[in-house]
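The primary structure of each chain is shown beneath.
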Amino acid sequence: MASATANQDLAVKLLTSATQAQRILEIPNDSDFVFNFLNATKAIGDDGFLVLANDAAFPALLTGNGGMALGFLGPCGLNSPHTHPRATEIQLNIGGGDIHTAFLQENGARVVQNTVSPGMATIFPKGSMHFQQSLSCEPVTFVASFDSVDFGALTIAQSFFSFDKQITNATLGSLGVQVLDNLNLPKNIVLGAQECLDRCGIDRSTFNFSATFADYISSTNSSWKMTTPLSLAPSKATGKPSSALLASDGSSSIPFSDNPLRPAVIGLSAASGVLFIALILVSIMAISARSRSRRSSKAIPSFGTEARGYPYVTPYDDNEVFSSRKSTDKA
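As a convention, each chain's residues are numbered from 1 in the sequence order in which they are written. Local features in this predicted model are restricted to residues of pLDDT 70 or higher, and side-chain atom pairs are both shown and tallied only at a pLDDT of 80 or more, whereas totals for entire chains, interfaces and linings draw on every residue. The side-chain numbers reported here are obtained from all heavy atoms of the structure, hydrogens and water having been left aside.

Student: I keep staring at the packing of aromatic side chains and nothing clicks. Help me out?
Tutor: Stacked, tilted and edge-to-face are the three classes applied to pairs of Phe, Tyr and Trp rings, where Trp contributes its six-membered ring and a pair requires centres within 6.5 Å; stacked means planes under 30 degrees apart, edge-to-face means over 60, and tilted covers the rest. The final tally for this structure, using the stated rule, is 10 aromatic pairs. Among the aromatic residues, those joined into a cluster by ring pairs are Phe49, Phe72, Phe209 and Phe213. Whether a charge lies above a ring is judged from NZ of Lys or CZ of Arg, which has to be within 6 Å of the ring centre and within 35 degrees of the ring normal. Here the basic side chain of Lys42 rests over the ring of Phe49, its NZ or CZ set 5.9 Å away from the ring centre.

Student: Would you mind showing me how to read the side chain of Asp55 here?
Tutor: Helix and strand assignments come from DSSP, with helices taken as H or I runs of at least 4 residues and strands as E runs of at least 2, each series counted from the N terminus. In this structure, Asp55 sits in the loop between β2 (48-53) and β3 (67-73). Whether a residue is buried, partly exposed or exposed follows from its accessible area with a 1.4 Å probe, protein chains only, as a fraction of its type maximum: under 20%, in between, or over 50%, in that order. In this tally, Asp and Glu contribute negative charge and Lys and Arg positive charge; neither His nor the terminal groups of the chain are included. Salt bridge, as used here, is a side-chain nitrogen of Lys or Arg placed within 4 Å of a carboxyl oxygen of Asp or Glu. For the buried Asp55, no salt bridge exists, and the shortest N-O distance to an oppositely charged side chain is 7.7 Å, to Arg86. For Asp55, the contacting residues outside a window of four places in its chain are Leu61, Leu62, Val149 and Asp150. The criterion used for residue contact is that any of the two residues' heavy atoms lie within 4.5 Å.

Student: Would you explain the sheet that holds strand β5 (residues 89-95) in this entry?
Tutor: Each strand in a sheet pairs with another by means of backbone hydrogen bonds, the pair being arranged parallel or else antiparallel. Reading across from one edge, β1-β2-β3-β10-β5-β8 is the order of the six strands in this open sheet, with antiparallel pairing throughout. Bordering the open sheet on either side are β1 (43-44) and β8 (121-124), each of which pairs with just one other strand. Pairing between strands is defined by DSSP: at least two bridges between them are needed. With six bridges joining them, β5 and strand β10 (residues 140-146) adopt antiparallel strand pairing. Bridge pairing in β10 links Glu89 to Phe146.

Student: Sorry if this is basic, but what is going on with the pairing of β5 here?
Tutor: Taken together, the four bridges between β5 and β8 define a ladder with antiparallel strand orientation. Counted as the bridge partner of Ile90 is Ile123 from β8.

Student: Looking at this model, I keep getting lost on the confidence of the model for the protein. Mind explaining?
Tutor: One rule of thumb: low pLDDT means the predicted coordinates there are not for detailed reading. A residue's pLDDT is simply how confident the predictor is in it, with values from 0 to 100. The share of residues in the protein with pLDDT of 70 or more is 67%, and the mean pLDDT across the chain is 78. Low confidence marks residues 220-254, where pLDDT is under 50. Its contacts with residues over four positions away, or in another chain, come to 64 contacts.

Student: In this structure, what is going on with helix α1 (residues 4-16)? I would like to understand it.
Tutor: For an α-helix, the turn length of 3.6 residues means that residues three or four places apart are oriented alike. Here a helix's expected span is defined as the number of its residues, less one, multiplied by 1.5 Å. Relative to the 18 Å expected for 13 residues at 1.5 Å per residue, α1 spans 19 Å between its end C-alpha atoms, a close match to the ideal helical length. Of all the residues in α1, the buried ones are Asn7, Leu10, Ala11 and Leu14. Seen along its axis, α1 keeps its buried residues to an arc of 105 degrees; they face one direction. Facing away from the buried side of α1 by more than 90 degrees, the exposed set consists of Thr5, Gln8 and Thr16. Looking at the buried positions of α1, the neighbouring elements they touch are α2 (20-26). Arc definition: directions from the helix axis to the C-beta atoms.

Student: Looking at this structure, I do not really get the environment of Glu89. What am I missing?
Tutor: Summarising the element assignment, Glu89 is placed in strand β5. Taking the C-alpha atoms as reference points, Glu89 and Gly127, separated by 38 residues in sequence, lie 9.5 Å from one another. Residues in contact with Glu89, not counting those within four places in the same chain, are His82, His84, Thr122, Ile123, Phe124, His130, Gln132, Phe142, Ala144, Ser145 and Phe146. Counting of polar contacts relies on pairs of N or O atoms within 3.5 Å, with two restrictions inside protein: one atom must be capable of donating a hydrogen and the other of accepting it, and residues adjacent in sequence are counted only when both atoms are side-chain atoms. At 3.0 Å, the side chain of Glu89 and the side chain of His84 are in polar contact.

Student: Can you walk me through the state of the cysteines in this structure?
Tutor: Every disulfide links exactly two cysteines, by a covalent bond between their sulfur atoms. When two cysteine sulfur atoms are found within 2.5 Å, that pair is recorded as a disulfide. Enumeration over the complete set of coordinates arrives at two disulfides. Two residues share a disulfide in this structure: Cys137 and Cys200, whose sulfurs sit 1.9 Å from each other. Here the S-S torsion is close to -80 degrees, and the disulfide linking Cys137 with Cys200 is therefore left-handed. Pair noted here: Cys137 is in the loop between β9 (129-134) and β10 and Cys200 is in helix α6 (residues 194-200), with a separation of 63 residues, a long-range link. Residue Cys137 shares its accessibility class with Cys200, and that shared class is buried. Listing the disulfide partners of the protein by sequence rank of the bonded cysteines yields 1-3, 2-4.

Below you can see the structure in the form of structure tokens.
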């Protein structure tokens, strides 16, 4: 990983290059076009961390127009309300549990809220104030893409209270005068909603993210195995601690009888059996109908003139035959 100074020097060269071909020539190594999220600087908070792939950390982005971030939310972790002043964000939940999201574009706009499950994505328009709240008792990971190499971030609460105290007090009214003297804001990513903490058995005053997830924070490989198990409240589905839902190697170790997906598996199996039986019945009915059709076709009488017999003669019969039958009738 290149140093911050080397990245800055390279970024200056790329920004002052006249052509795209020249910018690519300025990047000395092919490997400089690859960014390793697992071996990069992490912005560690009270209940998670962020890894930013922007132009400062990944200068090769200056050959294009986009950036990314990896977000790791600890149990009930909250990426507190913030904005990206220069970019729209698309957030993809890549696993671990559901994420509750919301954004507010501007004064007078409505709040847009969603629950984003693994494999789903949502969008935060450029400049909108938004947050990501994990609803899981387990770690949750998301990837965010941006349409700018310098997307930036402005955390609302932490930034607001960096103003002159008289300004913040005046903005908050009497409430601000009462609470600001002892204000101690947590580091983003923060421990989130109290309902989630209570459900997961997490004590806000004693939980230590850096100690519990030390292996995640220091990991330089793709395994991300959790070496320190969480002591969490029992899962509603299994009656066991939620951390027991993951084996040490990240694979499932739940007996089938305790698996929360057991009803769904049984239901799908039953539905498959019913469909299979229905398919057999339909096939039998089709064969039977075809057999009856063949028998019926043998019993259909001939529509030739000989079979009809006089006087059931049609204009389509042979003229000679028709004339002879008329003569016989007169006799």
